Amino acid sequence: MKVKQLYTLFTVLIVAALVLAACQTAATETPTQPPAAEPTEVMEEPTEVMEEPTEVMEEPTEAMEEPTPMAEETQAVPVTGEVIFFSTQFNIVEEAAKFRTILQEGGFDFTGSEEGPLVDMITAGAQAGQGDLDVVGALHGTFPPLQDEMMNMIDIAEDLSADREFSETFLETGLLGTDDTLYYIPWMQATYIMAAHQDAMQYLPEGADVNALTWEQFGEWCQTLLDETGGPKCGLPHAGLFNRFLQGYLWPSYTGGMVSQFKSQAAADMLEWARDSLWPTIHPQSISYEFMQEPLQSGEVWVAFDHVARLIEALNAEPENYVTFPAPAGPEGRGFMPVIAGLGIPKNATNPEGAVALIDFLTQPETQSRILRELAFFPVVDGVDTTDLPEGVALEASAVEAQANSPDALPALLPIGLGERGMELNQIFRNAFDRSVINGEDITTVLEEEGANLQALMNETGAACWAPDPPSDGPCPVE
Amino acid sequence: MPSAIGAKSRKKTNWAPYFLIVPTLVYLALFFAWPMAQGLLLAVREEGALLTLRPEPQSSSAIAGRLPRGTRVNILDQQANLIPPDELSEANLVTEVWFQIRAEDAQGQPVEGWTPGQRIRVREVDDNGAPLAGTVRPILSSTADPLTPVYAEPDGNSAILTALESPTPVQILDQATLEVWYRISGEQDGQIVEGWAQSRYIQVLSELTQGRIDRGNTSMLTTRHIQRMVSDRFFWPAVRTTLLLIVLIIPVQFVLAIIMALVVQANPKGSGFFLYVFSIALGVSDLAVGIVWYSIFTQFGYLNSLLQGLGLIDTPIIYLSARSQQWILIAVWLAEIWRATAIVMVIVVAGLQAISREVLEAAEVFGATLWQRIRYVILPLLRPSLQVALILRTILAFQVFAVVIVLGGGDIVTVLANETYRQYYDLRNFNVAAAYASFILLLSMVSAIFYLRAVRTQEEVTG
Amino acid sequence: MTVTADTQPAPDQVSPEVKAIHRRMLRRRRFSRALSYLVGILISLWVLIPILFITSMALTTPAEVRSFPKGVLPLIPLSFDTLEFFLRSRGIIPGIINSVVVAVITLVLSTLIAAPAGYAISRFVFRGRDAFRLSILAVRAFPIVILSIPLAVVFINVGIYDSIFALALMHTALALPTTVLVLSSVFSSIPYELEEAAMVFGCSPVQAFRHVVLPLVLPGIAAAAIFTFVLSWNEVFAATILTIQNRTLPAQVLVTLNQSSEPYQFAGGFFMMIPALIFIFFIRRYLFNMWGQITK
């Protein structure tokens, strides 16, 4: 290459890069608002944990005057400037588009993000003293590592509760185990149910009621499907939310608890049954299934267990071909786990009034109804119109209700008090299952070792037991 | 060869070279030496593992003792220190705010007392920002007392005058900032340790005289993270897979690289073309390589298409699943050979160019076959290049990451770099992630030293 | 290879045994050359066919991508649908822009910092020169994984986490050792006598450098710079850890890998490969200078 050509090439590249970089930073700079007086006060005393909430509270009290007139007009465009909303939910392209449409009705927008980077970003923003976002929308488990960085939402909850009724249980889970600091306002709920293709119904065991199955009957059903249809037809999302399956469904149904009974004899029996009678009937590609709706639609799998939002595509596509039903029950009851997503405001948010307006918008019964219809996440407030739902959503709603209201229902709650080590709980349950059921290791050894890990986790975090375990004083003991 | 300036015997040292290398040194110190030290430290240090107890309920340099996190303790005494406003910005202060309020209780009787600031929602402030009035906040927890107690003094141990429910309006008369200290005693190694510590570090159990150290304020060196890494379920599989891949891939790559280099050498006419094609892989990202080979090995990919087209199979075979881990390894093996041979080849070609033609021709004239020429002339002369290439390639092989994720999904087949990523990203466990990274560093250095020794001694032996 | 047949004496002067030896040598040479051509072609096919596959996947319709069995004849049907779908996906165009920006910043920064050091190593003999060279070599051996994590923590504390500048700083650190060594060998290939001659004619050392040495080393510097660009463009591990909103292309593709469809993945792979293919073409001759001289 000639020298001149090289010079030109590099000059062009560098100029182009600088121009692009300038455009990028210009685009990302517009959302930042000049920091209000309150946050700078907060930064002077970074170590006073108790002091901050009272001072920062002063802004929302003034902002409270605004939402009430806004609540009357559902189509209002907020006058509070741009609200930066990050959500770990609705990250998939199609869901993101639908959610964005709903948000735009209120004049809002959102950015999807993975959980890990979002936590990093908020922590980084807190240490730098500059808030990057106003509202965080995430699952319950995302908030514990952020307890120091989140604002106390209790006043906002009080104001919002004036004209809508939140589900009490979910308001309480937002306390994250404390007595009076609310870290998030409940946003939407979901749970895990089962779905089956109509073709599979004829293979149900004799006398089994699909709405009141036991796990043993489920195993028999899958075995029959395997024998009669030439291949395994039951599927589990092993690459997806499998840990919730174990923590909220299998373990409680067989042992009546989650942590305290982790390595009990009942758990060992359950693992043995899973290894001998369940897993061999499950489709081997389950290892890579993350969303069960795809294998259901492609016909690879006829019976599946998954999160309501990960079954909805199949159910919406061909509602007449599917049946939904509650998860099966075990000797100790029908364990199930409600999952909650919440909305929180970081302490150093640049636009707290706008943040409150957004939360107000998202918890309106009308918006909750739209989210239910289009995204299959269930509401957390009363007064949501559930008539005339799309057929797929209606299918799910019936199963969700049947599951929660069944006579032997045993709700298992999300972990509380594990702080930023919540992920390790998931890993422990996964390890216990994978090692004994998939890898075939000795069940007693596996339970002893993983049980020890579990006890260490409880001791080190000091987390007390949560439902379905009876409350404990101090770290939850693994018996 | 460069001519040397500055090799003067004059006393005056030439400072020019030192100035020139300063930016590089500074940059490398900042971005290599320092993070590496941090990383190694992260792997052996645990923040907040110990709680330092003081002899008096205030921050001082005196130490009464230390207790590890998680210890059960007895709470013997409690003291709330009033912090005057001018000391509020001191570091390491952990404070609670209490409000002095006036309100009417349930019977309409006026009451005046103190209550924790957390329990009051401030609704009115004066011009200076001091709170004037507010309401009692609701209690959301179903297990806590639904009423808010009002105390005689800004102290949780003082008499309770009454209890208010939400949302009773209150007037805020005064505010006090407190730091609460507990005197605790706990046992460690058979010894009783007693002292004062701030309340934020102690988790009080329902029996108010019992507590547990929730977190510490002192860090200590520990091997706990390394132990956790080693006992992790994925550790040994990751080590095995990484070493297996290295053993299987590197010899093949070297043979292939030598062949490629010889081809380029032997064909001056076509060498431009061969040069370019063989070096393509140098510029391809390992993620792209993973995707390319995924398109071949996936269930509906090219390999199955080819086999089905040739009539060898009826239905597509699933290669990349948990039941066929060996196929995943084979796919990774092929992908890595495809990707990384170019690096070795380039080094080998450069080394070959340094071998004088006369030697090769002489060998040919003396009747040496191709194989004999390679074995007795070329390889020994290539030894330095091969040594460098080996070290470089092995170190890079310890870091293989994206290819394995794309083809193996991360759980079925895992390597050390992937485990580092998983600990950091999924489990948010920075310490164990740093432990994995340090382990990779250790393995890299050990192998480099091994190559330096092994290749050199052979050279010395053969003269 | 020189052919001794050219210098053969007249045939009738050579004994039959020598002729036989010459014939055998010729045959062997032709045979070995043919063999090496064959081997070369085979290996070239091995390298090119996967690239062909991915190209044909990227330049065809998404329906064709999902079909089975895949046509062995590629590029039928030719369509830009898959590429369009990929480019339109959320975060891809910004990712490309970010990748370009990070790579260019890395290129500029590393060249600016490394050039003086390379010059110093090649032109001066000073105390600590060998130690410096050795430490540069040693630094190349450090795995990026060990740097990313503490640097991520530091960037978070300093407040530049998730910015392309932070990532560019990291990539510069990665590229610096290679660039220093390469540039030192590039400078070494220009004899000092040229500078001396210029200085004899009245130039100052700086002028001598600018007017004599610089034009000669520019191709080598350019090659090193381009290689740095490619390195930064391809880097995936640090990019994934250090960026959230301002992702580079490889980070974006990796993070959405599990959730994305096959057309998206293949188009992504193809797109990531293109700059590499182009740039390596331009600097192929310099590659051997670069890597070869490091071993000396």
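In case you missed it, the structure is sitting above this.
Residues numbered from 1 in each chain as written. Chains lettered and ligands numbered in written order. Predicted model: local features only at pLDDT ≥ 70, side-chain atom pairs only at ≥ 80, totals over all residues. Heavy atoms only, no water.

Novice: Looking at this structure, I do not really get the overall build of chain A. What am I missing?
Specialist: Helix and strand counts for chain A come out as 19 helices and 11 strands. Per-residue burial for chain A yields a buried fraction of 60% across its 479 residues. Long-range contacts, defined as pairs at least 24 residues apart, comprise 75% of the intrachain contacts of chain A with a sequence gap of at least 6. Accessible surface, chain A: about 17600 Å² in total, of which carbon and sulfur atoms supply 51%. (Helix = DSSP H or I, 4+ residues; strand = E, 2+ residues; numbered from the N terminus. Buried < 20%, exposed > 50% of the residue type's maximum accessible area, 1.4 Å probe, protein only. Contact = heavy atoms within 4.5 Å. Areas by Shrake-Rupley, 256 points an atom, 1.4 Å probe, with all protein chains shown as cover.)

Novice: When you look at the packing of aromatic side chains in this model, what are you seeing that I'm missing?
Specialist: Aromatic ring pairs are defined here through the distance separating the ring centres and the angle between the ring planes. Residue and element names in this part refer to chain A. Counted by the stated rule, this structure contains 46 aromatic pairs over all chains. Ring geometry for Phe99 and Phe110: centres 5.0 Å apart, planes at 75°, overall edge-to-face. Here Phe110 lies in the loop between helix 6 (93-104) and strand 2 (111-112) and Phe99 lies in helix 6, a separation of 11 residues in the sequence. Each member of the pair, Phe99 as well as Phe110, carries the same accessibility label: buried. Ring geometry for Phe99 versus Trp187: centroids 5.8 Å apart, planes at 50°, classification tilted. Of this pair, Phe99 sits in helix 6 while Trp187 sits in strand 4 (residues 185-190), and the two are 88 residues apart along the sequence. (Phe/Tyr/Trp six-rings, centres within 6.5 Å; stacked < 30°, edge-to-face > 60°.)

Novice: Can you help me understand the environment of Gly207 of chain A in this one?
Specialist: Assignment of secondary structure puts Gly207 of chain A in the loop between strand 5 (192-197) and helix 10 (215-229). For the pair Gly207 of chain A and Gln217 of chain A, spaced 10 residues apart in the sequence, the C-alpha separation amounts to 9.8 Å.

Novice: Looking at this structure, I do not really get the packing of helix 3 (residues 235-266) of chain B against helix 9 (residues 370-397) of chain B. What am I missing?
Specialist: Packed helices, taken two at a time, are described by the angle between their axes plus the distance between the axes. All names here are of chain B. Where helix 3 contacts helix 9, the axes come no closer than 11 Å and their chain directions differ by 140°. Taken together, the axes of helix 3 and helix 9 are oblique relative to one another. Crossing geometry of helix 3 relative to helix 9 is assigned as right-handed. Residues Thr242, Ile246, Ile249, Ile250, Gln253, Phe254, Ile258 and Leu262 of helix 3 form the contact with helix 9, whose participating residues are Ile374, Ile378, Leu379, Leu386, Ala389, Leu390, Arg393, Thr394 and Ala397. (Axes fitted to C-alpha atoms, helices over the stretch in contact; angles between N-to-C directions. Parallel < 35°, antiparallel > 145°, perpendicular 65-115°, else oblique. Left-handed = near helix turned anticlockwise from the far one by under 90°.)

Novice: I tried to follow the pairing of strand 1 (residues 45-53) of chain B on my own but got confused; where do I start?
Specialist: Side-chain positions along a regular strand alternate between the two faces of the sheet. Residue and element names in this part refer to chain B. Burial analysis of strand 1 places seven of its nine residues in the buried class, the great majority of the element. Pairing of strand 1 with strand 14 (residues 218-221) involves three bridges; the strand directions are antiparallel. Its bridge partner being in strand 14, Arg45 is matched across the sheet by Leu221. Relative to strand 2 (residues 65-68), strand 1 runs antiparallel, the two sharing four bridges. (Pairing = 2+ DSSP bridges.)

Novice: Sorry, what's going on with helix 12 (residues 265-278) of chain A here?
Specialist: Every α-helix carries 3.6 residues per turn, so stepping three or four residues along brings you back to the same face. Residues and elements named next belong to chain A. Its 14 residues place the ends of helix 12 18 Å apart at the C-alpha level, agreeing with the 20 Å of an ideal helix rising 1.5 Å per residue. All of the buried residues in helix 12 are Ala267, Ala268, Met270, Leu271, Trp273, Ala274 and Leu278. Contact partners of the buried residues in helix 12: helix 10, helix 11 (242-255), helix 18 (422-438) and helix 19 (443-461). (Expected span 1.5 Å × (residues − 1).)

Novice: Is there a simple way to explain the sheet that holds strand 8 (residues 322-325) of chain A in this structure?
Specialist: Consider a sheet: its strands pair through backbone hydrogen bonds, and that pairing is either parallel or antiparallel. Residues and elements named next belong to chain A. Sheet architecture is open: four strands sit in the order 6-7-5-8, paired in mixed fashion. This sheet does not close on itself; its edge strands, each paired only once, are strand 6 (234-235) and strand 8. Where strand 5 meets strand 7 (residues 303-307), five bridges bridge the pair, whose relative direction is antiparallel. Across the sheet, Ala195 pairs through a bridge with Ala304, a residue of strand 7. Docked against the sheet, helix 17 (residues 391-405) engages strand 5 and strand 8, running at close to 25° with respect to strand 8.

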